[in-house]
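Residues per chain, in single letters:
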Amino acid sequence: MNRLPRLFPAIRTYSSKTEGKKTCLYELHKQHGGNLVNFAGYEMPVQYTDLSIKDSTLHTRKHVSIFDVSHMLQTHITGKDRVAFIESLTTADVEGLKPNSGTLSVFTNEKGGIKDDLIVTKTDQDFIYMVTNAGCIDKDLPYLQENAASWRAKGKDVQINTLDGRGLIALQGPEMAAVLKGETNINLDELTFMTTSVGKVFGLDNCRVTRCGYTGEDGVEISVDAKHASVLVERLLASKAGMVRLAGLGARDALRLEAGLCLYGNDIDENTTPIEAGLAFVIAKRRRQTLGFPGAEIIVEQIEKKNWKKRRVGLVSEGGRAPRGHIPLNVASPIGSATIGFVTSGCPSPCLGKNVAMAYVDTPYSKDGTVLEVDFGAKQAKVTVQKMPFLKTNYYTGKKN
Amino acid sequence: MAALLLRSSSRLVHLPELITLQRASLSVSSRFFADRKFTKKHEWVLVENGVGTVGITAFAAGALGDIVYVDLPEVGKQVAQGDSFCAVESVKAASDVYTPVSGTITERNEALEGAPNMINKSPLDEGWICKVKLTEESELKGLLTEAEYNTFKEQEEAAH
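Residues numbered from 1 in each chain as written. Chains lettered and ligands numbered in written order. Predicted model: local features only at pLDDT ≥ 70, side-chain atom pairs only at ≥ 80, totals over all residues. Heavy atoms only, no water.

- Chain B appears in an unreviewed UniProt entry as Glycine cleavage system H protein from Mesorhabditis belari.
- Listed in UniProt under the heading Function (unreviewed entry), the comment for chain B reads: "The H protein shuttles the methylamine group of glycine from the P protein to the T protein."
- Its UniProt record, at the heading Sequence similarities (unreviewed entry), says of chain B: "Belongs to the GcvH family." (UniProt positions renumbered as here; feature names shortened; annotations may be inferred.)

- The name given to chain A in an unreviewed UniProt entry is Aminomethyltransferase, with Mesorhabditis belari as the source organism.
- Annotation of chain A in UniProt includes, under Function (unreviewed entry), the sentence "The glycine cleavage system catalyzes the degradation of glycine."
- Word for word, the UniProt comment on chain A under Subunit (unreviewed entry) is "The glycine cleavage system is composed of four proteins: P, T, L and H."

See below:
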């Protein structure tokens, strides 16, 4: 039974004697009953005592939730060569981005694997704004700084400035716009998915509001001065224009899984290419021609020849045990059952009432509707390959007339 | 303490008996209300007439959060102390449950199939998981008393 996480991983994994770093909302989490765990080196709420993970997930899809994502690394890249610099490390067409718009992209390695996923935004000011994963800070930051130093050594102009300690608050759910409307000078009708603007929010200056998120719902991420972060959260919670609740990492994980979004370290890593991960869309069209990012040749060859050997797929199963990370997937073969893949993450979906998961499987088994056997060790269960997202996403792409 | 024991054992007696017993609670014999025993892996067992009722503690249920699925063991299955014989699952995590005693599964709490979160609502009572006919009663001596378990649990919490 060692395939199952050890007994009560909920207690073991989520407890740690080592004190983590604290975000600017640490005290607020404690005051509001946040159950704090060490995540990516930070003390973060996994849930709040007054709302179960399941209810918090459902609440977010119906109303709106606040997530503290200040642990993520926010960076400004400045200097006149900043666009070419970021393009040398990522798959994004930063040059082609309209001012104040952004895109999901990846840092790649020489094998075409993913070093990290990130959101890169070209602002109308003299910098690029980038958000990368907290769990990757220790490799991303030296990587950025070393590369910038070598660019400078060649006479180029590029600097990396991290926004240390600055708050980042995700407000996610269908009531987001109603909550912010009238409380910001930013025009939310014009702020479409993956665009950004700086303005006043609930009376607080210098908030960068970007329409994006990690739940599949309409939402924004608000980058705010550390000293204003908890005031902003309290004002959001007090809103009468929507039912605003705090949500933790538990709900965030269930929400992103239902929306088919990857968690770095689980569903994508240094050994999966963006193509194998089903993220070909992050390789911008222009970059497929110009190349010039690590592993570009390998990645573009995979796109052209469609010769990837494994593929990330969605899985669903009705009831029973949920497939979770590292559990093998089998098919019957003439000589018994053969393992053709592994689950990378999964959970019982609060919104769908069935189990949802992501996995990598050998390409021949990646077609929609393929039935596979998930091997829990003592027991096996059937799962079906299904296209993601598992539910309809609600990104705001413009005002409908 | 007697009142506490009575309350936590109430599932094992019928209502009329319960009323009588409550009246006479101070003279309840330990023969009828054996002490609940605990493991360091957060299971409990309550033995009566050689049959142990097994469940997980409130601490474990709380750490898992809303339980949405319980993989119950088969009746008739032989288990040895420490075997993983059940799995409980929340949105957050799945966990093995290890049997605190050796024996044969004689009954399972089918009600959990329709209402798995009964384990959260009533971990020591309606949220029981299964019953085991003991083959090694002496194993009980090696388990924790309620007081010992509470001390152990506090240490776990402090380590958090």
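**Considerations on the UniProt feature "domain: Aminomethyltransferase C-terminal" (unreviewed entry) in chain A**
Move 1: Using the residue numbers shown here, the UniProt feature "domain: Aminomethyltransferase C-terminal" (unreviewed entry) corresponds to residues 310-392 of chain A.
Move 2: The distance from the first to the last C-alpha atom of residues 310-392 of chain A is 26 Å, and the span holds 0% helix and 57% strand. (Helix = DSSP H or I, 4+ residues; strand = E, 2+ residues; numbered from the N terminus.)

**Focus: the sheet that holds strand 4 (residues 67-71) of chain B**
All names here are of chain B.
Move 1: Strand order across the open sheet formed by three strands is 4-6-7, with antiparallel pairing between neighbours. The sheet is open, and its two edges are formed by strand 4 and strand 7 (94-98), each paired on a single side. Mean inter-strand twist for the sheet, computed between neighbouring axes without regard to direction, equals 25 degrees.
Move 2: When strand 4 meets strand 6 (residues 84-90), the two strands line up antiparallel, connected through four bridges. Its bridge partner being in strand 6, isoleucine 67 is matched across the sheet by serine 90. (Pairing = 2+ DSSP bridges. Axes fitted to C-alpha atoms, helices over the stretch in contact; angles between N-to-C directions.)

**Details of the sheet that holds strand 14 (residues 310-317) of chain A**
Residues and elements named next belong to chain A.
Move 1: Taken in spatial order, the six strands line up as 14-17-16-15-18-19 and close into a barrel, and their pairing is antiparallel. Neighbour-to-neighbour, the strand axes of this sheet turn through a mean angle of 45 degrees, independent of strand direction.
Move 2: Here five bridges tie strand 18 (residues 371-375) to strand 19 (residues 380-386), and the two strands are oriented antiparallel to one another. Residue valine 374 lies in a different strand from strand 19, and its bridge partner there is alanine 381.
Move 3: The sheet contacts of helix 8 (residues 249-258) involve strand 16 (336-348) and strand 17 (355-362), and relative to strand 16 the element is tilted by about 125 degrees. (Contact = heavy atoms within 4.5 Å.)

**Looking at the UniProt feature "domain: GCVT N-terminal" (unreviewed entry) in chain A**
Move 1: Sequence positions flagged by UniProt for "domain: GCVT N-terminal" (unreviewed entry) are, in local numbering, residues 25-285 of chain A.
Move 2: Between the end C-alpha atoms of residues 25-285 of chain A there is a gap of 39 Å, over a span that is 26% helix and 30% strand.

**Focus on helix 8 of chain A**
Residue and element names in this part refer to chain A.
Move 1: Summarising burial for helix 8: nine of the 10 residues are buried, a large majority.
Move 2: Buried residues of helix 8: Leu249, Gly250, Ala251, Arg252, Ala254, Leu255, Arg256, Leu257 and Glu258, and no others.
Move 3: Contacts made by the buried residues of helix 8 are with strand 1 (34-39), strand 2 (42-48), helix 3 (53-62), strand 3 (64-68), strand 16 and strand 17.
Move 4: Positive backbone phi, approximately 75 degrees, marks glycine 260, located one or two places after helix 8. (Buried < 20%, exposed > 50% of the residue type's maximum accessible area, 1.4 Å probe, protein only.)

**Re the domain arrangement of chain A**
By convention, interface size is frequently given as the accessible area that disappears when the constituent parts associate.
Residues and elements named next belong to chain A.
Move 1: Domain parsing of chain A yields domain 1 (1-307) and domain 2 (309-386).
Move 2: Inter-centroid distance (C-alpha atoms) of domain 1 to domain 2 is 28 Å.
Move 3: Each partner contributes residues to the interface: domain 1 has 25 residues there, and domain 2 has 22 residues.
Move 4: Roughly 1900 Å² of surface becomes buried between domain 1 and domain 2 when both sides are summed, with 59% attributable to carbon and sulfur atoms. (Domains from an automatic or database assignment. Buried area = accessible area lost by both parts, 1.4 Å probe.)

**A few points about the packing of aromatic side chains**
Move 1: For the structure on display, the rule yields five aromatic pairs over all chains.
Move 2: A ring pair is formed by phenylalanine 107 of chain A and tyrosine 143 of chain A, whose centres lie 5.8 Å apart and whose planes are at 70 degrees; its orientation type is edge-to-face. Taken together, the residues span a long stretch of sequence, with phenylalanine 107 of chain A in strand 5 (residues 101-108) and tyrosine 143 of chain A in helix 5 (residues 137-153) at a distance of 36 residues.
Move 3: Take tyrosine 143 of chain A: its relative accessible area is 16%, and that puts it in the buried class.
Move 4: Aromatic pair phenylalanine 193 of chain A and tyrosine 395 of chain A: ring centres 4.4 Å apart, planes at 20 degrees, arrangement stacked. On the criterion of sequence distance, the pair formed by phenylalanine 193 of chain A in the loop between helix 6 (176-180) and strand 10 (196-201) and tyrosine 395 of chain A in the segment after strand 19 is long-range, its members being 202 residues apart.
Move 5: The exposure class of phenylalanine 193 of chain A is partly exposed, given its relative accessible area of 31%.
Move 6: You can call tyrosine 395 of chain A partly exposed: its relative accessible area is 26%.
Move 7: Three or more aromatic residues joined by ring pairs form one cluster here, namely Phe38, Tyr149 and Phe152 of chain B. (Phe/Tyr/Trp six-rings, centres within 6.5 Å; stacked < 30°, edge-to-face > 60°.)

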